[in-house]
Amino acid sequence: AGPHKLRECLPLMLVLRNRLKYALTGREVNAICMQRLIKVDSKIRTEKNYPTGFMDVIDIEKTDEHFRVVYDTKGRFIMHRITKEEASYKLCKVIKLQVGSKG
């Protein structure tokens, strides 16, 4: 379960440690999360394994930085730095799912 499919997401630990270089070890990532400094889609997340996926906004309160998780041209996740105004809305949101006639 969770907000994203397992094959289409990155744990918060990998984002903070490997992509954004805010920590060197998993223990440091855990310390950052437990200080309640990280927001994913404007909700504080303390779980280091929380799945972040396509179009999620990651806010870091202390440094006042905002990132959106998007794909690059080769299909890899990149953390795209955005402004505070841009971080306040989602670009892509599923509102309604329907099955058409004939399945």
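Each value, and the rule that gives it
- Once a new chain begins, its residue numbering starts again from 1 and follows that chain's sequence as written.
- Confidence filtering applies because this is a predicted model: local features only for residues at pLDDT of at least 70, side-chain atom pairs given and counted only at 80 or more, and all residues used for totals across whole chains, interfaces and linings.
- Only hydrogens and water are set aside; all other atoms, that is, all heavy atoms of the structure, feed into the side-chain values.
- Throughout this description, buried means an accessible area under 20% of the type-specific maximum (1.4 Å probe, protein chains only), exposed means over 50%, and partly exposed covers the range between.
- Helix and strand assignments come from DSSP, with helices taken as H or I runs of at least 4 residues and strands as E runs of at least 2, each series counted from the N terminus.
- Note on disulfides: each one is a pair of cysteine sulfur atoms within 2.5 Å.
- Identification of polar contacts relies on pairs of N or O atoms within 3.5 Å, with a donor-acceptor requirement for protein atoms, meaning one able to donate a hydrogen and the other able to accept it, and with residues adjacent in sequence counted only if both atoms are side-chain atoms.
- Any two residues whose heavy atoms approach within 4.5 Å at even a single point are treated as in contact.
- Two strands are said to pair when DSSP picks up at least two bridges between them.

Engineer: Explain unusual backbone geometry here, please?
Structural biologist: Trans is the prevailing form of peptide bonds, just as negative phi is the prevailing case for residues other than glycine. In this structure, Lys21 takes a positive phi of about 60° despite not being glycine. Residue classification places Lys21 among the exposed residues on the basis of a relative accessible area of 63%. For Asp41, which is not a glycine, the phi torsion comes out positive at approximately 55°. Looking at the element boundaries, Asp41 is found in the loop between strand E2 (38-40) and strand E3 (43-44).

Engineer: Before we go on, may I ask you to explain the state of the cysteines in this structure?
Structural biologist: Working definition of a disulfide: a covalent bond connecting the sulfur atoms of two cysteines. Within this structure, the stated rule accounts for zero disulfides. Between Cys9, a free cysteine, and Cys33, which holds the nearest cysteine sulfur, the sulfur-to-sulfur gap is 15 Å. A relative accessible area of 15% places Cys9 in the buried class. Taking the relative accessible area as the measure of exposure, Cys33 reaches 0% and is therefore buried.

Engineer: Help me understand the side chain of Asp56, please; the structure alone is not making it clear to me.
Structural biologist: Residue position: Asp56 is located in the loop between strand E4 (51-53) and strand E5 (57-60). Among the polar contacts listed, one links the side chain of Asp56 to the side chain of His4, at a separation of 2.9 Å. Excluding anything up to four places from it in sequence, Asp56 contacts His4, Val40, Asp41, Pro51, Phe67, Arg68, Val69 and Lys90.

Engineer: What's the story with the pairing of E5 in this structure? I'm lost.
Structural biologist: Two faces make up the sheet, and in a regular strand the side chains alternate between them. Here E5 shows no split at all, with Val57 and Asp59 on one side and Ile58 and Ile60 on the other all buried. One ladder, built from three bridges, connects E2 with E5; its direction is antiparallel. In the strand pairing of E5, Val40 is matched with Ile58. Across four bridges, the pairing between E5 and strand E6 (residues 65-71) is antiparallel. Along E6, the bridge assignment pairs Asp59 with His66.

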